[in-house]
Amino acid sequence: MANKMIEVNTRMGEGWKISAQIREHLLVIDQPTAGNEGANPLETFIFSLAGCISTIAKMVAREQKIDLQQFDISMKAQLNTAGLQGKPSDDPVGFKVIDIIAVMDATVDDIQLNQEQKSAFLDTVCHRCPVHDNLLKPTLVTHSVV
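Residues numbered from 1 in each chain as written. Predicted model: local features only at pLDDT ≥ 70, side-chain atom pairs only at ≥ 80, totals over all residues. Heavy atoms only, no water.

In the nomenclature of an unreviewed UniProt entry, the chain corresponds to OsmC family protein from the organism Shewanella eurypsychrophilus.

Examining a nonpolar patch on the surface
Residues Leu 42, Leu 84 and Val 93 make up a contiguous nonpolar surface patch of roughly 260 Å² in combined accessible area. Counting through the fold element by element, Val 93 comes out in the loop between β4 (67-78) and β5 (97-108). (Patch = residues over 30% accessible without salt bridge, like charges linked within 9 Å, V, L, I, M, F, W, Y side chains within 5 Å. Areas by Shrake-Rupley, 256 points an atom, 1.4 Å probe, with all protein chains shown as cover. Salt bridge = Lys/Arg side-chain N within 4 Å of Asp/Glu carboxyl O. Helix = DSSP H or I, 4+ residues; strand = E, 2+ residues; numbered from the N terminus.)

Some remarks on the side chain of Asp 30
Structurally, Asp 30 is set in the loop between β3 (25-29) and α1 (41-63). Despite being buried, Asp 30 has no salt bridge partner; Lys 17 is the closest side chain of opposite charge, sitting 6.8 Å away. Those residues within four positions of Asp 30 in sequence are excluded, and the remaining contacts are Trp 16, Lys 17, Gly 35, Asn 36, Glu 37, Gly 38, Ala 39, Asn 40 and Pro 41. (Buried < 20%, exposed > 50% of the residue type's maximum accessible area, 1.4 Å probe, protein only. Lys, Arg positive; Asp, Glu negative; His and termini not counted. Contact = heavy atoms within 4.5 Å.)

Let's talk about the sheet that holds strand β1 (residues 10-12)
Pairing within the open sheet is antiparallel, and its three strands lie in the order β1-β2-β3. Edge positions in the sheet fall to β1 and β3, since each has one partner strand and no second. Neighbouring strand axes in the sheet, compared pairwise and without regard to direction, differ in orientation by 25° on average. Two strands pair when backbone bridges link them, and strand β2 (residues 18-22) and β3 are joined in this way by five bridges, in the antiparallel orientation. Considered in β3, the bridge of Ile 22 is made with His 25. (Pairing = 2+ DSSP bridges. Axes fitted to C-alpha atoms, helices over the stretch in contact; angles between N-to-C directions.)

Regarding the packing of aromatic side chains
Tallying each qualifying case throughout the model produces two aromatic pairs. Consider the rings of Phe 45 and Phe 95, whose centres lie 6.0 Å apart with planes at 25°: the pair is stacked. Taken together, the residues span a long stretch of sequence, with Phe 45 in helix α1 and Phe 95 in the loop between β4 and β5 at a distance of 50 residues. Given a relative accessible area of 21%, Phe 95 falls into the partly exposed group. Summarising the aromatic geometry, the rings of Phe 71 and Phe 121 are spaced 6.1 Å apart at their centres and angled 75° between planes, so their arrangement reads as edge-to-face. Residue Phe 71 is found in strand β4, and its partner Phe 121 is found in helix α2 (residues 115-128); the two are separated by 50 residues along the sequence. (Phe/Tyr/Trp six-rings, centres within 6.5 Å; stacked < 30°, edge-to-face > 60°.)

Remarks on the pattern of salt bridges
Across all of its chains, the model carries five salt bridges by this definition. For the salt bridge of Lys 17 with Glu 37, the shortest nitrogen-to-oxygen distance reads 3.0 Å. Taken together, the positions of Lys 17 in the loop between β1 and β2 and Glu 37 in the loop between β3 and α1 put the pair 20 residues apart, joining distant regions of the chain. Between Arg 128 and Glu 63 there is a salt bridge, with its nearest N and O atoms 2.6 Å apart. With a gap of 65 residues between them, Arg 128 in helix α2 and Glu 63 in helix α1 connect regions that are remote in the sequence. Looking at Glu 63, the relative accessible area reads 44%, which means it is partly exposed.

As for the environment of His 127
With respect to the helices, strands and loops of the structure, His 127 is situated in helix α2. Sequence separation of His 127 and Ile 56 is 71 residues, and the distance between their C-alpha atoms is 9.7 Å.

This is the structure in structure tokens:
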């Protein structure tokens, strides 16, 4: 299968506002202490993880003939902000831990999935989620200035 290329181009706006036109969607990232016109980058990152997991859950449910009536994700991500503020820290600059909790209501042939089946389903989903995978395995990221 061919590789898919995803492109995002951002533009710096007033204050802390960053915007991107992605297909027909305008996405805005901002800071609560500034214009507060959107979620901040860290919140957007965690939302991307939750959104990807939820999307993959629908795919896996369809493939496994699971009737997925509810699949809500609750996320908590812990971060020491010292590094991003340029202060010394032994902690990573990124998140130290991300907790994912899925609230799930699902059946197969009108029989409710038990806790073990739900856990196996979530494991499958997380292993197929590209955003989740990028957090677990190093991805080559390059940067340059033009």
